[in-house]
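Descriptive structure summary
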Amino acid sequence: MSNIKNKVVVITGASSGLGEAAARTLSAAGATVVVGARRTDRIEALVSELNAAGGNALAVAVDVTRAEQVQALVDQTVKAFGRVDVLINNAGLMPSSPLEMLKIDDWDRMIDVNLKGVLYGIAAALPVMKEQKSGHIINVSSVSGHKVSPGTAVYAATKHGVRVISEGLRQEVKPYNIRTTIISPGAIATELPDSVSVPEIAAGIKEFYKDAIPADSFARVVAFAIEQPTEVDINEILFRPTSQE
Ligand code: NDP
């Protein structure tokens, strides 16, 4: 993993699930990791653990729905470590429900975190990476970025949007030697389904997650994309539990 060692990697949504797993794997491979989330107790505990194991990690409180906080996450990274090699826009939530229930607050939350949060990450990191003439932006989509099923329309819309934004970004940032990667996981065992409150949707999600795989699967995929030689850009990866439809 020579192309991971000493890279400065910023990860949003690192207080649990996929982001936390990626932080562990990348730190163990020698990256400097900056972990962001709202639950500071969790990211501070993670950073203590990584640093005690010989890593170089920093926790920064961030709400990705606030552009100025995402900017501060990147600014603090540059102040502490001088650069940003990789940004992983991972923070997300999935309070899914049928459209006819008109849960407008949940629609807003998903659009704010899953879509605008990704855009705010790009806005904060892009000027730094352009100046460096190098960088890598990894955006977390989903199998829901490739399809839709009843009850998942808004979540799927945000995850389709993440893929479109990422591909548009890829086409625009080639002159600056910036790589872009979309990662679309299937069912991974994390806290993500906990936000589903509608019983019939929760039942379908429980079925979908019955063969969920551990979060280190995602961490290995992230590491694979980062460790490629600089001239190789892994544009997109879709992966699922082997048993998943
Ligand atoms: P978790 O619920 O375990 O983690 C979600 C993370 O997002 C938490 O660290 C949470 O931190 C963070 N987050 C939520 N809202 C905000 C916010 N406003 N500002 C900053 N951070 C926020 O779920 P996963 O690890 O599974 O999800 C990570 C990503 O993976 C999401 O984008 C999700 O859509 C995607 N994904 C997950 C799949 C799965 O099966 N698990 C499948 C496909 C995609 P905190 O609450 O502390 O702020």
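Residues numbered from 1 in each chain as written. Predicted model: local features only at pLDDT ≥ 70, side-chain atom pairs only at ≥ 80, totals over all residues.

For the chain, the name recorded in an unreviewed UniProt entry is Oxidoreductase, with Gluconobacter kanchanaburiensis NBRC 103587 as its organism.

Side note on the overall build of the chain
Scanning the chain from terminus to terminus reveals 7 helices and 7 strands. Its C-alpha atoms put the chain at 50 × 40 × 35 Å along the principal axes. For the chain, contacts bridging at least 24 residues in sequence account for 72% of all contacts bridging at least 6. (Helix = DSSP H or I, 4+ residues; strand = E, 2+ residues; numbered from the N terminus. Contact = placed C-beta atoms within 7 Å.)

Some words on the pairing of strand β6 (residues 178-185)
Within β6, 8 of the 8 residues are buried, which leaves it mostly tucked inside the rest of the structure. Both faces of β6 are covered, namely the face carrying I178, T180, I182 and S184 and the face carrying R179, T181, I183 and P185. Here strand β5 (residues 135-140) pairs with β6 via 6 bridges, running parallel. Following the sheet pairing, V140 is matched in β6 by I183. (Buried ≥ 20, exposed ≤ 12 C-beta atoms within 10 Å, placed from the backbone. Pairing = 2+ DSSP bridges.)

Here's the deal with the site of the ligand
With respect to spatial proximity, 29 residues lie near the ligand, and among them G13, G17, R38, R39 and G92 are the closest. When residues of the shell around the ligand are assigned to their parent elements, the largest contribution, 3 residues, is made by helix α1 (residues 17-28). Across the shell around the ligand, the residue classes break down as 14 nonpolar, 11 polar and 4 charged. (Near = placed C-beta within 6 Å. Nonpolar A, V, L, I, M, F, W, Y, C, P; charged D, E, K, R; others polar.)

Some thoughts on the environment of M101
Residue position: M101 is located in the loop between β4 (86-89) and α4 (104-132). The exposure class of M101 is exposed, given the 11 C-beta atoms found within 10 Å.

Focus: helix α5 (residues 153-173)
Between the first and last C-alpha of α5 there are 30 Å, a value that for 21 residues agrees with the 30 Å anticipated at 1.5 Å per step. Among all positions of α5, only V154, Y155, A156, T158, K159, V162, I165 and S166 are buried. Buried residues along α5 sit against α4, β5 and β6. (Expected span 1.5 Å × (residues − 1).)

As for the sheet that holds β5
With respect to topology, 7 strands assemble into an open sheet ordered β3-β2-β1-β4-β5-β6-β7, the strand pairing being parallel. A strand with exactly one partner marks an edge of an open sheet, and here the two such strands are β3 (56-61) and β7 (236-239). Pairs of neighbouring strands in the sheet enclose a mean axial angle of 15 degrees, with direction left out of account. The sheet strands contacting helix α2 (residues 40-52) are β2 (32-37) and β3, and the helix crosses β3 at an angle near 175 degrees. (Axes fitted to C-alpha atoms, helices over the stretch in contact; angles between N-to-C directions.)

Re the nonpolar core
Soluble globular proteins: nonpolar side chains tend toward being buried together. Formed by 70 residues in total, the largest nonpolar core has its most connected members in A22, V33, V35 and V222. Per-element tally for this core: the top contributor is α4, with 9 residues. If we ignore the near neighbours within four places in the chain, the residues touching V35 are I11, A14, A23, I43, L46, V47, A57 and A59. (Core = buried A, V, L, I, M, F, W, Y, C linked by C-beta atoms within 7 Å.)

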